[in-house]
Amino acid sequence: MTVIETYVPGTFCWADLGTPDAAAAKRFYTHLFGWSAEDRPMGPDAVYTMFHLDGRAVAALYQEQAGAPPHWLSYISVDAADEVARRASKLGGSVLMDAFDVLDVGRMALIQDPGGAVVALWEPKRHIGSGIVGEPNTLCWNELVTADTARAGKFFGELLGWRSDAQRLGDVAYTKFMRDGTTAVGGMMQIGPGAGPVPPHWLIYFAVGDCDASATRARDLGARTVTPPADIPGAGRFAVLEDPQGAVFAIIRPAM
């Protein structure tokens, strides 16, 4: 089991779901991934539901404001959320939410890269992020889908020190973001011409033991298949799904 006690700055560390129906989403994900759920009050009429696997936090969800689209949000661990957010603004990004304290568990900011994709910055205090990653039913990958990969690569390279490693996965041009030149921390691909009106976004991947079986179970629970199970040469077998409330995520059985 890949248990995490700390995250190196510049590494994805957490994901949470904003959804219009927290109760229904909780049922869906606990049944799909075998998570347990713990509701934590976050102020008047606000609850943050922590998902756990083997006693460790792996993701979360909350009730989104009326009219807001359901979405998964990726978090990147940083040393100083205020400083990184200011740097993002100077590099052509936007600060959608200035850094603020989340009780005593961490400090976060919300930024948007020049292409329009949104990601959170997390300065950990009591909560480092996911306690297990890369194992079945936990987070394992974050992928930027954008209209301008060159611009996005330059932005994140200057912001977080990531190096862009362009390669091919089958017929698809793909970029891996490398931290310290050696460790892959995420990926990036171009929005295809036939993809339709897809906004730039970070897509999260959950590892599973059997991609086809998990995709079938998700459909049985009310999800919609966006991309049916398919093999990615050298990476594994994946599928892209939309949960019953409309949030999109991916599952993958990593290549051995």
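Everything below is about the structure printed above this text.
Heads up: these notes are all about the structure in this document. (Residues numbered from 1 in each chain as written. Predicted model: local features only at pLDDT ≥ 70, side-chain atom pairs only at ≥ 80, totals over all residues. Heavy atoms only, no water.)

What follows concerns the pattern of salt bridges. Taken as a whole, this structure holds 13 salt bridges when the rule is applied. In this structure, the salt-bridge partner of Glu38 is Arg40, at a minimum N-O distance of 3.4 Å. According to the relative accessible area criterion, Glu38 is partly exposed, its value standing at 34%. Where salt bridges share partners, they join Asp82, Asp101, Arg107 and Lys125 into one cluster. (Salt bridge = Lys/Arg side-chain N within 4 Å of Asp/Glu carboxyl O. Buried < 20%, exposed > 50% of the residue type's maximum accessible area, 1.4 Å probe, protein only.)

Within a sheet, neighbouring strands are paired by backbone hydrogen bonds and run either parallel or antiparallel to one another. Taken together, eight strands build an open sheet; the order of strands is β2-β3-β4-β1-β5-β8-β7-β6 and the sheet is mixed. The open sheet has two free edges, formed respectively by β2 (36-41) and β6 (94-102), since each of these has just one partner strand. Going from strand to strand, the sheet's axes swing by 25° on average, the running direction of each strand aside. Here seven bridges tie strand β7 (residues 106-112) to strand β8 (residues 118-124), and the two strands are oriented antiparallel to one another. Within β8, the residue paired with Ala109 across the bridge is Leu121. The strands touched by helix α1 (residues 22-33) within the sheet are β1 (12-19), β2, β3 (47-53), β4 (56-63) and β5 (71-77), with β3 carrying the most contacts at an inclination of about 5°. (Pairing = 2+ DSSP bridges. Helix = DSSP H or I, 4+ residues; strand = E, 2+ residues; numbered from the N terminus. Axes fitted to C-alpha atoms, helices over the stretch in contact; angles between N-to-C directions. Contact = heavy atoms within 4.5 Å.)

With that settled, consider the pairing of strand β15 (residues 236-242). Look at any regular strand and the pattern is simple: side chains alternate between the two faces of the sheet. Most of β15 is tucked away: five of the seven residues are buried. Here six bridges tie strand β14 (residues 224-232) to β15, and the two strands are oriented antiparallel to one another. Each bridged residue has a counterpart across the sheet, and for Arg224 the counterpart in β15 is Glu242. Here β14 folds back onto β15, and the loop between the two strands holds three residues, one of which, Gly234, carries a positive phi near 80°. Alignment of β15 against strand β16 (residues 248-254), held across seven bridges, turns out to be antiparallel. Its bridge partner being in β16, Glu242 is matched across the sheet by Val248. Linkage of β15 to β16, two consecutive antiparallel strands, is achieved through a turn of five residues, within which Gly246 is found at a positive phi near 110°.

Attention now moves to the state of the cysteines. Taken as a whole and assessed by the stated rule, the structure comprises zero disulfides. The cysteine Cys13 is free of any disulfide, with Cys140 supplying the nearest cysteine sulfur at 15 Å. Of all cysteine sulfurs in the structure, the one in Cys211 sits closest to Cys140, which takes part in no disulfide; the separation is 11 Å. Classification of Cys140 by relative accessible area gives partly exposed; the value is 27%. (Disulfide = S-S within 2.5 Å.)

Let us look at the layout of surface pockets. The volume enclosed by the second largest pocket comes to roughly 330 Å³. Secondary structure elements with two or more residues in the lining of the second largest pocket: β1, β9 (139-146) and β12 (183-190). Here the element with the most residues in the lining of the second largest pocket is β9; it accounts for four residues. (1 Å grid on protein atoms, 1.4 Å probe; cavity = no way out; pocket = protein on both sides within 12 Å on 5 of 7 lines; lining within 4 Å. Points joined across faces, edges and corners; volume = space filled by probe spheres on them.)

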